Amino acid sequence: MRVALKECEWETAGEDLVVVFDAREAVTLSDPDGQVAALLSELRRTPQTVAELSAALGAYGFRLSEDDVGRGLRGLDSLGLVEAAEDRGLGDPDEDERHFSNLSFYGTYADLDRGRATFLRPMRAAHVLVLGVGGGGSSLVQCLAGLGVGAMTLVDQDRVEPRNFARQFLYRHADIGLSKAERAAAWVRDYDPSIKVTAVDRWISAPEDLTDLVQDIDLIAGGLDGHPHANLWANEAAVRAGVPYVLGGANRSQVMYLSVDPGRTPCLACDYADRPAEDGSEGIAYRIAENMKLSNPLTGPMAMQVGSLLAFEAQRYLTGYEPPRAAGFRVTLDLREGLTPQWQALPGNPDCRVCRLAPGRGERR
Ligand SMILES: [Zn+2]
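Residues numbered from 1 in each chain as written. Predicted model: local features only at pLDDT ≥ 70, side-chain atom pairs only at ≥ 80, totals over all residues. Heavy atoms only, no water.

Asker: Please provide a residue-by-residue account of the coordination of the zinc ion, values included.
Answerer: All of the protein donors around the zinc ion are Cys267 (SG), Cys270 (SG), Cys352 (SG) and Cys355 (SG); their distances to the metal are 2.2 to 2.3 Å. We note that the donor set of the zinc ion lies within a single chain, spaced as C-x2-C-x81-C-x2-C. Here Cys355 lies in the segment after β13 (342–345) and Cys267 lies in the loop between β11 (254–260) and α10 (268–271), a separation of 88 residues in the sequence. (Donors = N, O, S within 2.8 Å, 3.2 Å for Na, K, Ca; no water. Helix = DSSP H or I, 4+ residues; strand = E, 2+ residues; numbered from the N terminus.)

Asker: Please set out the sheet that holds strand β4 (residues 25–30) residue by residue, giving values where relevant.
Answerer: As summarised here, the arrangement of the 3 strands in space is β2-β3-β4, forming an open sheet in which the pairing is antiparallel. Because the sheet does not close on itself, it has two edges, and the strands there are β2 (9–13) and β4. Looking at each pair of strands side by side, their axes are set apart by 25° on average, direction ignored. Note that β2 and strand β3 (residues 16–22) share 5 bridges and pair antiparallel. Its bridge partner lying in β3, Ala13 is registered against Asp16. Relative to the sheet, helix α1 (residues 35–45) contacts β2, β3 and β4, its axis offset from that of β2 by approximately 155°. (Pairing = 2+ DSSP bridges. Axes fitted to C-alpha atoms, helices over the stretch in contact; angles between N-to-C directions. Contact = heavy atoms within 4.5 Å.)

Asker: Please provide a residue-by-residue account of the packing of helix α5 (residues 100–107) against helix α6 (residues 116–125), values included.
Answerer: Interaxial distance between α5 and α6 falls to 8 Å at its minimum, and their mutual angle equals 125°. Regarding the angle of α5 to α6, the classification is oblique. Between α5 and α6 lies a crossing of right-handed hand. Residues Asn102, Leu103, Ser104, Tyr106 and Gly107 of α5 form the contact with α6, whose own contacting residues are Arg116, Ala117, Phe119 and Leu120. Of the residues belonging to the contact of α5 with α6, the class tally is 5 nonpolar, 3 polar and 1 charged. (Parallel < 35°, antiparallel > 145°, perpendicular 65-115°, else oblique. Left-handed = near helix turned anticlockwise from the far one by under 90°. Nonpolar A, V, L, I, M, F, W, Y, C, P; charged D, E, K, R; others polar.)

Asker: Quick rundown of the sheet that holds β13? Include the residues and the values.
Answerer: One open sheet holds the 8 strands; their spatial order is β8-β7-β6-β9-β10-β11-β12-β13, and the pairing between them is mixed. Pairing within the sheet leaves two strands with one partner each, and these edge strands are β8 (196–201) and β13. When the angles between neighbouring strand axes are averaged without regard to direction, this sheet yields 15°. Across the face of the sheet, helix α9 (residues 230–241) comes into contact with β6 (127–131), β9 (219–222), β10 (245–251) and β11 while running at roughly 165° to β10.

Asker: Go over the packing of helix α7 (residues 135–147) against helix α12 (residues 300–319) with me, naming the residues and quoting the values.
Answerer: Where α7 contacts α12, the two axes come as close as 7 Å, and the packing angle between them is 45°. Our classification of the angle between α7 and α12 gives oblique. Seen from above, α7 lies across α12 with right-handed handedness. Between α7 and α12, the contacting residues are Gly135, Gly136, Ser139, Leu140, Cys143, Leu144 and Leu147 on the first element and Ala303, Met304, Val306, Gly307, Ser308, Leu310, Ala311, Ala314 and Gln315 on the second. Classifying every residue of the contact of α7 with α12 by side-chain character gives 10 nonpolar, 6 polar and no charged.

Asker: Can you break down the pairing of β11 residue by residue, with the values?
Answerer: With 6 of 7 residues buried, β11 is to be regarded as a mostly interior element. The pairing of β10 with β11 spans 7 bridges and is classified as antiparallel. Paired with Ala250 across the bridge in β11 is Val255. Remark: 2 residues form the turn of the hairpin made by β10 and β11, two consecutive strands paired antiparallel; Arg252 in that turn has positive phi of roughly 55°. Taken together, the 5 bridges between β11 and strand β12 (residues 329–334) define a ladder with antiparallel strand orientation. By the bridge assignment for β12, Met256 is matched with Thr332. (Buried < 20%, exposed > 50% of the residue type's maximum accessible area, 1.4 Å probe, protein only.)

Asker: With reference to specific residues and values, describe the pattern of salt bridges.
Answerer: Throughout the structure, instances matching the rule amount to 20 salt bridges. Among the charged side chains, a network of salt bridges with common partners joins Glu313, Arg316, Glu322 and Arg325. (Salt bridge = Lys/Arg side-chain N within 4 Å of Asp/Glu carboxyl O.)

These figures come from the coordinates and say nothing about function on their own.
Below, the structure is given as structure tokens:
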């Protein structure tokens, strides 16, 4: 394996070497004879194997065995300064150029065991079901496209309306009156033809309306308005399929998101104290909510915040660059509180009818 040095700078300070990868922190290493500085200089010159480095350091006057160099590299790896050279790209120069910043982002998280491309490949292979391409959903679609998701199925039943233009930036004036799902899909095809996209112009009015959509998907993201149970149906579809469900929305001055990792976190149904009774009768909140008419106060900055938060959480699930932040938590950001995130754990319900449907239940905590 060839080892590559990440972008960093260093300076000798007496017997120490001060190395900076992230401008917020300097790492001070003891380097009385300059071995570490020589190793960094060699790595910066070109990515190399342990054997090559051992030989190259001889020119600096250091007799270091391959074991010595290996120990030094593991030390640099523990500081996040080196990565596997072979996996810094997907192997296709055009694709690597297209994903230049995605790869660079994963470079921060890459190490000797996980190269940048090991984060990007699962995103390129992923199929995300996006429920709703309105306020948050249209920004979510744009973020997922930029991240290079492999495939998206976009579900919405609405037409593009003039009032959407406060916040839904993937639509154009000429799209007014046309199917949002179709226009959003067309936007994705124009943006990046390598992304497979399917438009589903459908009203989700019953759980069965989701059945055919959850085949061969890796994640469900979005939020359905319309029927007050729609998000519970999406939750159940995700739990049955055993795929993560990332949900977001807005309420007055607040944006929120949460994620459900079936079998590992409580689900949305656990959280509903006033959920529908087993006999099909409905709680009072549902009955009242069905009659509630809210004029949508969502503006562009808020909608993009929702879409961005959902995309980040989807990215965490799909690439594993860091663990999901909202797994089992409702995270709210209120404009009145400067958008500082507040985490509220979803209450688990050991008797949850939906959680029992998760595949691989035996592995749950
Ligand atoms: Zn549950």
